[in-house]
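Fold and geometry: a report
The lines below spell out each chain.
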Amino acid sequence: MIGSAPGLQAQLAQQRAAQNRTDDIAQQASGPNQEQVIAEKAEEFEAVFLGKMLKPMFEDLNTDGMFGGGHGEKMFRGMLVEEYAQEMAEKTDFGLTSEIKNELMKAQEVG
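So, here is what we can say about the structure in this document.

The rules behind these values
Residues numbered from 1 in each chain as written. Predicted model: local features only at pLDDT ≥ 70, side-chain atom pairs only at ≥ 80, totals over all residues. Heavy atoms only, no water. Core = buried A, V, L, I, M, F, W, Y, C linked by side-chain atoms within 4.5 Å. Buried < 20%, exposed > 50% of the residue type's maximum accessible area, 1.4 Å probe, protein only. Helix = DSSP H or I, 4+ residues; strand = E, 2+ residues; numbered from the N terminus. Contact = heavy atoms within 4.5 Å. Axes fitted to C-alpha atoms, helices over the stretch in contact; angles between N-to-C directions. Parallel < 35°, antiparallel > 145°, perpendicular 65-115°, else oblique. Left-handed = near helix turned anticlockwise from the far one by under 90°. Phe/Tyr/Trp six-rings, centres within 6.5 Å; stacked < 30°, edge-to-face > 60°. Salt bridge = Lys/Arg side-chain N within 4 Å of Asp/Glu carboxyl O.

1. Description of the nonpolar core
- Within the largest apolar cluster, seven residues are counted, these being A47, L50, L54, F58, V81, A85 and A89.
- Where this core is concerned, the elements lending two or more residues are helix 2 (34-59) and helix 3 (70-91).
- Considering each element in turn, this core owes the most residues, four residues, to helix 2.
- Not counting chain neighbours up to four residues away, the residues in contact with L54 comprise V81, Y84, A85 and M88.

2. Structural notes on the packing of helix 2 against helix 4 (residues 96-110)
- Relative to each other, helix 2 and helix 4 sit at 135 degrees, their axes nearing to 8 Å. Considering their axes alone, helix 2 and helix 4 lie oblique with respect to each other. Of the two elements, helix 2 crosses helix 4, and the hand of that crossing is right-handed. Of the residues in helix 4, those touching helix 2 at Q34, E35, I38, A39, A42, E43, F45, E46 and F49 are L96, T97, I100, K101, L104, M105 and Q108.

3. What to know about the packing of aromatic side chains
- Throughout the structure, instances matching the rule amount to one aromatic pair.
- Summarising the aromatic geometry, the rings of F58 and Y84 are spaced 5.7 Å apart at their centres and angled 40 degrees between planes, so their arrangement reads as tilted. Here the residue F58 occupies a position in helix 2, and Y84 occupies one in helix 3, the gap between them amounting to 26 residues.
- Given the relative accessible area of 18%, F58 is considered buried.
- Look at Y84 and you get partly exposed, because its relative accessible area is 38%.

4. Considering the pattern of salt bridges
- Considering all chains together, one arrives at five salt bridges under this definition.
- A salt bridge links E87 to K91; the nearest nitrogen and oxygen atoms lie 3.6 Å apart. In this pair, E87 and K91 are both assigned in helix 3, four residues apart and thus about one turn of the helix distant.
- For K91, a relative accessible area of 63% translates into the label exposed.

What follows is the structure, given as structure tokens:
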């Protein structure tokens, strides 16, 4: 019996989910608006990446005081970080979107 079977199952599930997302992108991008869909997906990926980078910055903020902290703030902080990341991806050129878009276009040509 393999001791890390749950870990292996989780890894396989993640791989299947990633493949399904890739297939969905390819299906959505196979039409007249292919470039637009790929650009949107690339920007979406950049927003997720930025959210992952911003999350640790906000986890340890001390918000005690008259108008800060509490259970509500803990619940909504993640959504706030996601919104920050989305706005950053839309308004700022970090270079990720163009690189991801180029790679997706190359993959579309090969596939």
